[in-house]
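# Structural characterization, general
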Amino acid sequence: MTQRPILCFGEALIDLHASGVDPHGFAAAFTPFAGGAPANVAVAAARLGGVARFAGMLAADPFGDFLLASLQQAGVGTADVARTDNANTALAFVNLDAHGERSFSFYREHTADLQFRASDFRAEAFAEVAVFHVCSNSMTDPALAAPTREGMQRAQRAGALVSFDLNLRPALWPAGVDPLPLVWPALHLADVVKLSAEEFTWLAVDGEQAALDRLWLGRTRLLVVTDGAKPLRWFHPDAEGELPGYAVKVVDSTAAGDAFVGALLCCLAELEPSPDRLDQLVSQLPRLHAMLRFAAASGALTVTRQGSFAAMPSGDEVLAFMENQA
């Protein structure tokens, strides 16, 4: 059977990683890496052997050319990429602390990724798609949030699973705007939701059970909450559980969550396209646990390397890592 594609929608941008220190204590240089959360997920899936495509708006500038070439070199399909010469590529300056944890400074006002509109989706973009993936960075601007939600709805009508990684970046939201009420509509459109432990705490302002009860009012049938090397937790309306994580030396945590999601989506893309596929998966716990362990291993291996696209492991590397860890 021909593998159905994973379509990731949203931003691709340049991660500028600091290196060295000048006499004044500032970074001596910044090295550009291709990045952007949904683009990272597409690359992760392609590197693992999945069929992945990226949809989004790239600038017709040298950084946009670099991002397009980087996606293609990683094996990601780019037929759904649009280009504009009316805006530049978004930039994220990345600083890593002694433990490999990252902090971001974003330059993303009127950038190319924010210019995508529903009319930029190809008519055939959602045909035969197994999974459509987005994150909350596409909800920060109303003009981009609307096509994001429309894409989620079109994917569902086409029979695809819809995946949503909260991937909350407060600095990307306009000053004075509370993201919480704006991300819930997208959460309710998603079949699969991925949160970090911090994001779950942020979402659960009235307690975890209240957040879960609200989540189950929408389409969601699987929630996964990651917490670095600590155990990951998963939830379904009728079941829940946790699995141990992998302890590794962290070099760069920038793309850890995206690698996890890319690996999980590769596994979910193999499910038969039935309406109750996630319910069936949860009834087969060994299979679900195997998927989540594979995703956790992908994320763990990624943080041992620097960069985003550049850090994503192959399927063989992940399997070898899991065997060594076992």
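The structure this text deals with has already been given above.
These lines cover the structure that appears in this document, whether it is placed above or below.

Parameters and conventions
- Residues numbered from 1 in each chain as written.
- Predicted model: local features only at pLDDT ≥ 70, side-chain atom pairs only at ≥ 80, totals over all residues.
- Heavy atoms only, no water.
- Helix = DSSP H or I, 4+ residues; strand = E, 2+ residues; numbered from the N terminus.
- Rg over C-alpha atoms; globule rule 2.2 N^0.38 Å.
- Contact = heavy atoms within 4.5 Å.
- Areas by Shrake-Rupley, 256 points an atom, 1.4 Å probe, with all protein chains shown as cover.
- Lys, Arg positive; Asp, Glu negative; His and termini not counted.
- Charge placed at Lys NZ, Arg CZ, Asp CG, Glu CD.
- Salt bridge = Lys/Arg side-chain N within 4 Å of Asp/Glu carboxyl O.
- Buried < 20%, exposed > 50% of the residue type's maximum accessible area, 1.4 Å probe, protein only.
- Core = buried A, V, L, I, M, F, W, Y, C linked by side-chain atoms within 4.5 Å.
- Pairing = 2+ DSSP bridges.
- Axes fitted to C-alpha atoms, helices over the stretch in contact; angles between N-to-C directions.
- Phe/Tyr/Trp six-rings, centres within 6.5 Å; stacked < 30°, edge-to-face > 60°.
- Polar contact = N/O pair within 3.5 Å; in protein donor to acceptor, adjacent residues only side chain to side chain.
- Arc of directions from axis to C-beta.
- Parallel < 35°, antiparallel > 145°, perpendicular 65-115°, else oblique.
- Left-handed = near helix turned anticlockwise from the far one by under 90°.
- Nonpolar A, V, L, I, M, F, W, Y, C, P; charged D, E, K, R; others polar.

## A short note on the overall build of the protein chain
Helices and strands together make up the secondary structure of the protein chain, namely 10 helices and 13 strands. For the protein chain, the C-alpha radius of gyration of 18 Å lies close to 20 Å, the compact-globule estimate for 326 residues. Reported as C-alpha extents along the three principal axes, the dimensions of the protein chain are approximately 60 × 45 × 45 Å. Taking contacts inside the protein chain between residues at least 6 apart in sequence as the whole, the part at least 24 apart equals 71%. Surface exposure of the protein chain reaches about 13700 Å², of which carbon and sulfur atoms provide 53%. Side chains of the protein chain carry 23 positive and 37 negative charges; the gap between the two charge centres is 3 Å.

## Some remarks on the pattern of salt bridges
For the structure on display, the rule yields 10 salt bridges. The closest approach of N and O atoms between Glu317 and Arg47, which form a salt bridge, is 3.9 Å. Of this pair, Glu317 sits in helix 10 (residues 315-325) while Arg47 sits in helix 1 (residues 37-47), placing them 270 residues apart in sequence. Across the pair Arg108 and Asp113 runs a salt bridge whose closest N-O atoms are separated by 2.8 Å.

## Considerations on the environment of Ala247
Its place among the elements puts Ala247 in the loop between strand 13 (239-243) and helix 7 (256-268). For Ala247, a relative accessible area of 64% gives the class exposed. Taking the C-alpha atoms as reference points, Ala247 and Ala300, 53 residues apart in sequence, are found 7.5 Å from one another. Among all residues touching Ala247, those that are not within four sequence positions of it are Ala229 and Gln325.

## Some remarks on the nonpolar core
Core analysis: the biggest nonpolar cluster contains 63 residues, and Ile6, Phe54, Val76, Phe260, Leu264, Leu268 and Leu292 have the highest contact counts within it. Other than its neighbours up to four places away in sequence, Leu264 contacts Val192, Val224, Met291, Leu292 and Ala295. Ala125, Leu166, Ala197 and Leu212 belong to the second largest nonpolar core, which has 47 residues in total.

## Focus on the sheet that holds strand 8 (residues 131-135)
Ordered in space as 5-4-1-8-9-10-11-12-13, the nine strands form an open sheet in which the pairing is mixed. The outermost strands of the open sheet, each flanked by one partner alone, are strand 5 (81-84) and strand 13. Across this sheet, the average inter-strand angle for adjacent strands is 15°, counted without regard to direction. Pairing of strand 9 (residues 161-165) with strand 10 (residues 192-196) involves three bridges; the strand directions are parallel. Residue Phe164 lies in a different strand from strand 10, and its bridge partner there is Val193. In this fold helix 9 (residues 285-302) packs onto strand 11 (222-227), strand 12 (230-236) and strand 13, with an angle of close to 135° to the strand it touches most, strand 12.

## Looking at the packing of aromatic side chains
This model, assessed by the stated rule, comprises 11 aromatic pairs. Ring geometry for Phe30 and Phe93: centres 5.0 Å apart, planes at 90°, overall edge-to-face. In this pair, Phe30 sits in strand 3 (residues 27-35) while Phe93 sits in strand 6 (residues 91-96), placing the two residues 63 residues apart along the sequence. Grouped by ring-pair contacts, the aromatic residues Phe9, Phe116, Phe121, Phe126 and Phe132 constitute a single cluster.

## Remarks on the side chain of Asp61
Position of Asp61 among the secondary structure elements: in the loop between strand 4 (52-59) and helix 2 (62-73). The side chain of Asp61 is buried and forms no salt bridge, while Arg83, the nearest opposite charge, is found at 5.6 Å. Within the local environment of Asp61, its side chain forms a polar contact with the side chain of Thr89, the two groups lying 2.8 Å apart.

## Points about the environment of Ala123
Within the fold, Ala123 resides in the loop between strand 7 (102-107) and strand 8. For the pair Ala123 and Ala82, spaced 41 residues apart in sequence, the C-alpha to C-alpha distance is 13 Å.

## Side note on helix 10
When we look at burial in helix 10, the residues that qualify are Gly315, Val318, Phe321 and Met322. The arc enclosing the buried residues of helix 10, seen along the axis, measures out at 125°, which places them on a common side. Of the exposed residues in helix 10, the ones pointing more than 90 degrees away from its buried face are Asp316, Glu323 and Asn324. The secondary structure elements touched by the buried residues of helix 10 are helix 1 and helix 9.

## Structural notes on the pairing of strand 2 (residues 13-21)
Bridge count for strand 2 against strand 3 is eight bridges, and the pairing is antiparallel. Its bridge partner lying in strand 3, His17 is registered against Thr31. Linking strand 2 back to strand 3 in an antiparallel pair, the connection comprises five residues, with Gly25 at a positive phi of about 90°.

## A closer look at the pairing of strand 9
Burial of strand 9 is extensive: five of the five residues sit out of reach of the surface. Of the two faces of strand 9, the one lined by Leu161, Ser163 and Asp165 and the one lined by Val162 and Phe164 are each fully buried.

## Digging into the packing of helix 7 against helix 9
Look at helix 7 against helix 9: their axes get within 7 Å of each other, and the N-to-C directions meet at 150°. For the element pair helix 7 / helix 9, the angle class is roughly antiparallel. The interaxial crossing formed by helix 7 with helix 9 has right-handed handedness. Mapping the contact onto sequence places Ala256, Ala259, Phe260, Ala263, Leu264, Cys267 and Leu268 in helix 7 and Met291, Leu292, Phe294, Ala295, Ala296, Ser298, Gly299 and Thr302 in helix 9. Its residues placed into classes, the contact of helix 7 with helix 9 shows 12 nonpolar, three polar and no charged.

Everything listed here is a matter of coordinates, which is why it stays silent on function.
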